[in-house]
Amino acid sequence: YFALPTNPGEQFFMFCTLAAWLITKAGHPFEQPQEYDDPNAIISKVLSELRSFGRPVDFPPSKLKAGCGEQACYVLDCLAEEALKYTGFSWKRPAYPTEELEEEEITEDDAELMLNKLEEDVTEEESDNEENFIDLNVLKAQTYRSDMNETAKQEEILQSTTDAAEWNLEVERVLPQLKVTVRTDNKDWRIHVDQMHQHKDGIESSLKETRGYLDKLHNEISRTLEKINSREKYINNQLEHLVQEYRSAQALLSEAKEKYQEGSGGVTERIRVLSEITEVLERVKQETEEKGSSMTDGAPLVKIKQALTKLKQETIQMDIQIGVMEHTLLQSKLKEKSNMTTDMHATMISEATGGAY
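Here we summarise the structure given alongside this text.

Cut-offs applied
- Residues numbered from 1 in each chain as written.
- Predicted model: local features only at pLDDT ≥ 70, side-chain atom pairs only at ≥ 80, totals over all residues.
- Heavy atoms only, no water.
- Disulfide = S-S within 2.5 Å.
- Axes fitted to C-alpha atoms, helices over the stretch in contact; angles between N-to-C directions.
- Helix = DSSP H or I, 4+ residues; strand = E, 2+ residues; numbered from the N terminus.
- Parallel < 35°, antiparallel > 145°, perpendicular 65-115°, else oblique.
- Left-handed = near helix turned anticlockwise from the far one by under 90°.
- Contact = heavy atoms within 4.5 Å.
- Salt bridge = Lys/Arg side-chain N within 4 Å of Asp/Glu carboxyl O.
- Buried < 20%, exposed > 50% of the residue type's maximum accessible area, 1.4 Å probe, protein only.
- Core = buried A, V, L, I, M, F, W, Y, C linked by side-chain atoms within 4.5 Å.
- Patch = residues over 30% accessible without salt bridge, like charges linked within 9 Å, V, L, I, M, F, W, Y side chains within 5 Å.
- Areas by Shrake-Rupley, 256 points an atom, 1.4 Å probe, with all protein chains shown as cover.
- Lys, Arg positive; Asp, Glu negative; His and termini not counted.
- Charge placed at Lys NZ, Arg CZ, Asp CG, Glu CD.
- Expected span 1.5 Å × (residues − 1).
- Arc of directions from axis to C-beta.

## A look at the state of the cysteines
Counting across every chain of the model gives zero disulfides. Its sulfur unpaired, Cys68 is 8.2 Å from the next cysteine sulfur, which belongs to Cys73.

## Examining the packing of helix α1 (residues 8-25) against helix α3 (residues 70-87)
One can describe the packing of α1 onto α3 by two numbers: an axis separation of 8 Å at closest approach and a directional angle of 25°. As judged from the angle between their axes, α1 and α3 are roughly parallel. Crossing of α1 against α3: the hand is left-handed. Listed contacts from α3 to Phe15, Leu18, Ala19, Leu22, Ile23 and Lys25 of α1 are Ala72, Val75, Leu76, Leu79, Ala80, Ala83, Tyr86 and Thr87.

## Some words on the pattern of salt bridges
Under the criterion given, the structure shown has five salt bridges. A salt bridge links Arg272 to Glu269, with the nearest nitrogen and oxygen atoms 2.3 Å apart. Of the two residues, Arg272 and Glu269 are both situated in helix α9 (residues 240-296); the distance of three residues between them amounts to about one turn of the helix. Given the relative accessible area of 39%, Glu269 is considered partly exposed. The network of salt bridges with common partners includes Arg55, Glu81 and Glu82.

## A word on the side chain of Glu82
With respect to the helices, strands and loops of the structure, Glu82 is situated in helix α3. In this structure Glu82 comes out as buried when scored by relative accessible area, which is 12%. With residues near it in sequence (within four places) discarded, Glu82 still touches Ala26, Phe53 and Arg55.

## Side note on the nonpolar core
Grouped together as the largest cluster of nonpolar side chains are 25 residues, with contacts concentrated most on Phe15, Leu64, Val75 and Leu79. Put simply, the parts of the chain that give this core at least two residues each are α1, α2 (39-52) and α3. Looking at this core element by element, the count peaks at seven residues for α1. Contacts of Leu79, omitting those with residues within four sequence positions, involve Ala19, Leu22, Ile23, Leu50 and Phe53.

## A few points about a negative patch on the surface
On the surface, a cluster of negative charge is made up of Glu282, Glu287, Glu289 and Glu290. Structurally, Glu290 is set in helix α9.

## A few points about α1
With 18 residues, α1 should reach 26 Å at 1.5 Å per residue; the first-to-last C-alpha distance of 25 Å fits that figure. Along α1, the residues that are buried comprise Gln11, Phe12, Phe15, Cys16, Ala19, Ala20, Leu22 and Ile23. Down the axis of α1, the sector holding all buried residues measures 165°, keeping them to one side. Summarising the contacts, the buried residues of α1 are in contact with α2 and α3.

Okay, here's the thing in structure tokens:
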């Protein structure tokens with residue numbers, strides 16, 4: 001139910017309900033979730049309970065929102081195991097019922113001669129070979145009718161008048177149709193026990209054959225290892241002085257490598273200082289070149305002359321503007337003065353005329 005997605009909402013609710021029930025069975029009280037609760041909160045509570053049991057959770061909680069899949073089956077499996085541990089459940093050996101011999105014979109006959117099931121299996125799986133086999137129900141009905149006829153005749157025929165040669169020919173003709181196939185149930189424990197005995201016998205027979213080869217191979221390998229150990233000891237004894245020389249040479253090589261590393265460190269430091277000095281020298285050279293080019297170049301002087309001529313022109317324009325302003329100011333002053341004199345003369349004339357009157 002929780003392996004493949006069919007109805008996500010229903011599966012998620014069933015998953016939460018079953019997980020809560022298993023957690024409660026495992027000895028941890030857990031509130032039964034409702035249908036409209038927050039799924040994230042329910043999932044976080046279930047995962048926290050699962051971690052409290054010491055089970056690893058190496059997947060994100062969003063994997064459980066579908067209510068199905070590998071993660072959901074894993075959570076339910078772990079909770080079921082914890083519930084079984086808490087309740088003290090233990091597997092026991094199966095107790096087979098004692099059967100009487102007559103009942104076993106009857107069941108075997110039934111297993112071999114259940115004609116209705118046999119006919120159904122044959123018609124379903126071996127429909128192509130129907131013509132080669134005889135219908136056992138029809139045969140049973142015919143035999144039953146023949147028995148009834150024989151009993152009705154009340155033993156009228158007490159001696160057979162059939163020819164033996166004709167009977168044999170008829171048997172040879174009908175023999176292919178008299179084949180009855182009995183389907184054995186592979187789930188029967190008796191067949192399993194027989195198979196186990198067969199496999200055990202095969203393993204024991206194969207082990208007897210292979211044990212000799214394995215012992216021989218083990219002896220050869222042990223002898224080869226002894227030879228290798230003796231050769232190694234001989235080679236070590238013969239080459240001991242060369243090994244000592246190699247070790248001394250390796251020690252000298254390590255010392256030379258250390259000196260080389262120290263020298264290379266000093267060289268790298270000096271190379272860094274040299275690179276800094278060259279950068280400073282390049283910058284000074286660039287500055288001197290810029291200054292020399294500016295000293296020999298006449299462009300600044302031309303610019304200065306142009307600026308002077310421009311200043312002179314601006315000075316002349318300013319002088320002209322100043323003169324115009326002075327002239328305008330003088331005219332305004334003269335005009336103001338003439339107006340004042342005219343006003344004074346006018347007042348004096350008015351006063352003289354008034355005195356005369």
